[in-house]
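Report on the structure
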Amino acid sequence: MRFYKALLFPIQFQILAYSLLLVAFIAVFINVYVAILLFLISFLIITAYSGIEFKGNKYREFNAFYFIKTGEWKGYEGIEKIFIKNLKTSQRFYGRANTSSVINVEKYIAFLKFSDGTTIELKTAKKKAKLLQKLDSLKSYLHTTIQDQSR
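In this report, the structure presented in the accompanying data block is examined. (Residues numbered from 1 in each chain as written. Predicted model: local features only at pLDDT ≥ 70, side-chain atom pairs only at ≥ 80, totals over all residues. Heavy atoms only, no water.)

We now examine the packing of helix 1 (residues 11-27) against helix 2 (residues 32-46). Axis separation between helix 1 and helix 2 bottoms out at 8 Å; the angle between their running directions is 155°. Between helix 1 and helix 2, the angle falls in the class roughly antiparallel. Considering how the two elements wind past one another, helix 1 and helix 2 form a crossing that is left-handed. Between helix 1, through Phe13, Gln14, Ala17, Tyr18, Leu20, Leu21, Val23, Ala24 and Ala27, and helix 2, the contact on the second element is made entirely by Val32, Ala35, Leu38, Phe39, Ile41, Ser42, Ile45 and Ile46. Broken down by class, the residue content of the contact of helix 1 with helix 2 amounts to 15 nonpolar, two polar and no charged. (Axes fitted to C-alpha atoms, helices over the stretch in contact; angles between N-to-C directions. Helix = DSSP H or I, 4+ residues; strand = E, 2+ residues; numbered from the N terminus. Parallel < 35°, antiparallel > 145°, perpendicular 65-115°, else oblique. Left-handed = near helix turned anticlockwise from the far one by under 90°. Contact = heavy atoms within 4.5 Å. Nonpolar A, V, L, I, M, F, W, Y, C, P; charged D, E, K, R; others polar.)

Structural data, given as structure tokens:
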């Protein structure tokens, strides 16, 4: 089973990649080599993601580029639990007149804990309900429970 964690490039790079893809289709009529280069760069950004894969009693955390996954397989004896914690961050923005405003953001992070004590991060989301929905298939596959340790 594969569980996708996140994209490796932020949304700004994703928009840039789709723009480069459009330019690559137009550049085919002008210069084929430039079009191929732009296509490869945009396809690299679009297909880059990270995840975790389970097969039997082995797992691997991987990064994928061009749909080719790289990561080392590791064995595990059992899975203790999936748990969720919250993270509160604040960021201060300064305006022109040296006035500031603070933006507080709360994120929820899901972790997977193995029986040997190893913990790996699974997914991050802004809303707990959305995170629980994405973890549902993994929970049923691993036959474990989700513990909510957020405040």
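It is worth spelling out a nonpolar patch on the surface at this point. A grouping of Leu8, Phe25, Val32, Tyr33, Ile36, Phe39, Leu40, Phe65, Tyr66 and Ile68 is seen on the molecular surface, where their side chains present a nonpolar patch of about 980 Å² in accessible area. Sort the elements by how many residues they give to the nonpolar patch and helix 2 lands first, with five residues. Along the chain, the position of Tyr66 falls in the loop between strand 3 (58-65) and strand 4 (68-70). (Patch = residues over 30% accessible without salt bridge, like charges linked within 9 Å, V, L, I, M, F, W, Y side chains within 5 Å. Areas by Shrake-Rupley, 256 points an atom, 1.4 Å probe, with all protein chains shown as cover. Salt bridge = Lys/Arg side-chain N within 4 Å of Asp/Glu carboxyl O.)

This next bit is on the sheet that holds strand 8 (residues 119-125). Read from one edge of the open sheet, four strands run 8-7-6-9, paired in mixed fashion. The open sheet has two free edges, formed respectively by strand 8 and strand 9 (146-148), since each of these has just one partner strand. Averaged over all adjacent pairs, the angle separating strand axes in this sheet is 30°, with direction ignored. As paired strands, strand 6 (residues 79-94) and strand 9 are joined by three bridges and run parallel to one another. In the strand pairing of strand 9, Ile84 is matched with Asp148. (Pairing = 2+ DSSP bridges.)

What follows is about the packing of aromatic side chains. Scanning all chains against the criterion turns up 11 aromatic pairs. Seen in terms of ring centroids, Phe9 and Phe13 are 5.9 Å apart; in terms of plane orientation they differ by 45°. Their pairing is tilted. Look at Phe54 and Tyr141: their rings are 6.4 Å apart centre to centre, the planes differ by 45°, and that puts the pair in the tilted class. Taken as a pair, Phe54 in strand 2 (residues 49-55) and Tyr141 in helix 3 (residues 128-142) lie far apart in primary sequence, 87 residues in all. By relative accessible area, Phe54 is classed as buried at 2%. (Phe/Tyr/Trp six-rings, centres within 6.5 Å; stacked < 30°, edge-to-face > 60°. Buried < 20%, exposed > 50% of the residue type's maximum accessible area, 1.4 Å probe, protein only.)

Within the element layout of this structure, Lys81 appears in strand 6. Although Lys81 is buried, it forms no salt bridge, and the closest oppositely charged side chain is Glu80 at an N-O distance of 4.5 Å. Here the side chain of Lys81 touches Gln147 through a polar contact of 3.3 Å, side chain to side chain. Residues within four places of Lys81 in sequence aside, it is in contact with Phe111, Leu112, Lys113, Thr144, Thr145, Gln147 and Gln149. (Lys, Arg positive; Asp, Glu negative; His and termini not counted. Polar contact = N/O pair within 3.5 Å; in protein donor to acceptor, adjacent residues only side chain to side chain.)

A word on the nonpolar core. Counting 18 residues, the largest nonpolar core has Phe54, Leu112, Leu122 and Leu135 as the members making the most contacts within it. For this core, the secondary structure elements donating two or more residues are strand 2, strand 6, strand 7 (100-114), strand 8 and helix 3. Every residue in contact with Leu135, bar those within four places of it in the chain, is listed here: Phe3, Ile82, Ile84, Ala110, Leu122 and Ile146. (Core = buried A, V, L, I, M, F, W, Y, C linked by side-chain atoms within 4.5 Å.)

Turning our eyes to something else, we now look at the pairing of strand 6. Where strand 6 lies against strand 7, 15 bridges are found, and the strand directions are antiparallel. Bridging from a neighbouring strand, Gln91 pairs with Ile103 of strand 7. Hairpin connection from strand 6 to strand 7: five residues lie between these consecutive antiparallel strands, with Asn98 at a positive phi of about 60°.

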